[in-house]
Amino acid sequence: WQNRAESEIRELKRLAGRWAVKTQSPKVLWDRCLELCSKVRSSIAHNLYPLKGEVPEAIMTGNTYDISHLCEFAWYDWVMFHDDREFPEEKEQLGRYLGPTDPGKGSTMSYHILKSNGHVVTRQTIRLLTPQEWEDGVHEQMREKYDANITTKLGEAVKEEDLKKVEPKRGI
């Protein structure tokens, strides 16, 4: 039992490290990244004979496990979300996806979003950037300004070298 738990923790750390480096997310968000990795890994059928190709929740409840809240967005994706602003200000704001909320804390399809001021909010109405927004020069400047704000507020992004300090033999 202990060996299985230790190997799962190792795999969680590796996955979170890969995601954090790939997306250049701030170091202080490591716990949120690890939480999302844990949700994803617990929603995947692993090669364990007693589970017979199912996820544990499906075995316990007898129902097919719903993964829709995990499939729509990836860690630290650029998203647009509706913010509570007064007219005439734009209600749709740029942010970063940090994962779905836990059951019982909002609706099934509500998400944690990192705002440009470094605060995390929960929102239901979010979407990925459109191809036009990715190519738009003004939107690109908005993303650069957002990243600069986040670096100022939350600190530097995770780098490959940081992971080698955690597991010096192999990195994560």
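Our structure is the block above this text.
The text that follows walks through the structure, step by step, so that each part is easy to find. The residue count restarts for each chain, going from 1 along the sequence in the order it is written. Owing to the predicted nature of the model, reporting of local features is limited to residues with pLDDT of at least 70; listing and counting of side-chain atom pairs is limited to 80 or more, with chain, interface and lining totals taken over all residues. Think of the side-chain values as coming from all heavy atoms in the structure, minus any hydrogens and water.

### Topic: the overall build of the protein chain
Next, step 1: Secondary structure follows DSSP: runs of H or I at least 4 residues long count as helices, runs of E at least 2 residues long count as strands, and numbering of each begins at the N terminus. Each helix and strand counted, the protein chain has 7 helices and 5 strands in total.
Next, step 2: Exposure is judged per residue with a 1.4 Å probe applied to protein chains only, and the accessible area is read against the type maximum: over 50% gives exposed, under 20% gives buried, and values in between give partly exposed. The buried share of the protein chain, reckoned over its 172 residues, is 35%.
Next, step 3: For this analysis, residues touch if any pair of their heavy atoms sits within 4.5 Å. Restricting to contacts in the protein chain with at least 6 residues of sequence separation, those with at least 24 account for 56%.
Next, step 4: We get accessible surface area from the Shrake-Rupley algorithm with a probe of 1.4 Å; when it comes to residues, only the shown protein chains can shield them. Roughly 11,300 Å² of accessible area belongs to the protein chain as shown, and the carbon and sulfur atoms make up 53% of that amount.

### Considerations on unusual backbone geometry
Next, step 1: One non-glycine residue, Gln 24, adopts positive backbone phi at about 55°.
Next, step 2: By the secondary structure assignment, Gln 24 is in the loop between helix H1 (2–23) and helix H2 (30–41).
Next, step 3: Its relative accessible area of 57% is what places Gln 24 among the exposed residues.

### Side note on H2
Next, step 1: The span one expects for a helix is its residue count, reduced by one, times 1.5 Å. Between the first and last C-alpha of H2 there are 16 Å, a value that for 12 residues agrees with the 16 Å anticipated at 1.5 Å per step.
Next, step 2: All of the buried residues along H2 are Cys 33, Leu 36, Cys 37, Lys 39, Val 40 and Arg 41.

### Focus on the packing of aromatic side chains
Next, step 1: Any Phe, Tyr or Trp ring, taking Trp's six-membered ring, that has another such ring centre within 6.5 Å forms a pair; planes under 30 degrees apart are called stacked, those over 60 apart edge-to-face, and the others tilted. Scanning all chains against the criterion turns up 5 aromatic pairs.
Next, step 2: Measuring from ring centre to ring centre gives 5.3 Å for Phe 73 and Tyr 111, while their planes differ by 75°; the resulting arrangement is edge-to-face. Placement of the pair is Phe 73 in the loop between helix H4 (68–71) and strand E1 (78–82) and Tyr 111 in strand E3 (residues 111–114), with a sequence separation of 38 residues. Neither residue differs from the other here; Phe 73 and Tyr 111 are each classed as buried.
Next, step 3: The rings of Phe 73, Tyr 97 and Tyr 111 are connected pair by pair, giving a single aromatic cluster.
Next, step 4: Each ring is checked for a lysine NZ or an arginine CZ that lies within 6 Å of its centre and within 35 degrees of its normal; such an atom marks a charge sitting over the ring. For the cation-ring pair, Arg 96 lies above Trp 78, with the distance from its terminal atom to the ring centre recorded as 3.6 Å.

### Structural notes on the state of the cysteines
Next, step 1: Cysteine sulfurs are considered disulfide-paired once they come within 2.5 Å of each other. The final tally for this structure, using the stated rule, is 0 disulfides.
Next, step 2: Here Cys 37 is not disulfide-linked; the sulfur of Cys 33 is the nearest cysteine sulfur, at 4.3 Å.
Next, step 3: Assessed through its relative accessible area of 0%, Cys 37 is described here as buried.

### Considerations on the pairing of E3
Next, step 1: Burial along E3 is two-sided: Tyr 111 and Ile 113 and His 112 and Leu 114, pointing in opposite directions, are all buried.
Next, step 2: Strands pair, by our definition, only if DSSP identifies at least two bridges between them. Bridge analysis of strand E2 (residues 92–100) against E3 gives 4 bridges, and the strand direction is antiparallel. Residue pairing across strands places Pro 100 opposite Tyr 111, the latter belonging to E3.
Next, step 3: Linking E3 to strand E4 (residues 120–123), which pair antiparallel, is a turn of 5 residues; within it Gly 118 sits at a positive phi near 90°.

### Digging into the sheet that holds E4
Next, step 1: Overall, antiparallel pairing links the 5 strands, which are arranged E4-E3-E2-E1-E5 in an open sheet. Each of the sheet's edge strands pairs with one partner strand only, and the pair in question is E4 and strand E5 (126–128). Mean inter-strand twist for the sheet, computed between neighbouring axes without regard to direction, equals 45°.
Next, step 2: Bridging between E1 and E5 involves 3 bridges; their strand directions are antiparallel. Counterpart to Val 79 in the pairing with E5 is Leu 128.
Next, step 3: Seen against the sheet, H2 touches E2, E3 and E4 and runs at an angle of roughly 60° to E2.
Next, step 4: Helix axes are fitted only over the stretch in contact, all axes being lines through C-alpha atoms; the angle between N-to-C directions runs from 0 to 180 degrees. The strands touched by helix H6 (residues 137–154) are E1, E2 and E3; relative to E2, the strand with the most contacts, the crossing angle is about 55°.

### Overview of the pattern of salt bridges
Next, step 1: A pair is scored as a salt bridge if a Lys or Arg side-chain nitrogen falls within 4 Å of a carboxyl oxygen belonging to Asp or Glu. Tallying each qualifying case throughout the model produces 12 salt bridges.
Next, step 2: Between Lys 159 and Glu 156 there is a salt bridge, with its nearest N and O atoms 3.0 Å apart.
Next, step 3: Each of Arg 10, Glu 11 and Arg 14 takes part in salt bridges that share partners, so that together they form one network.

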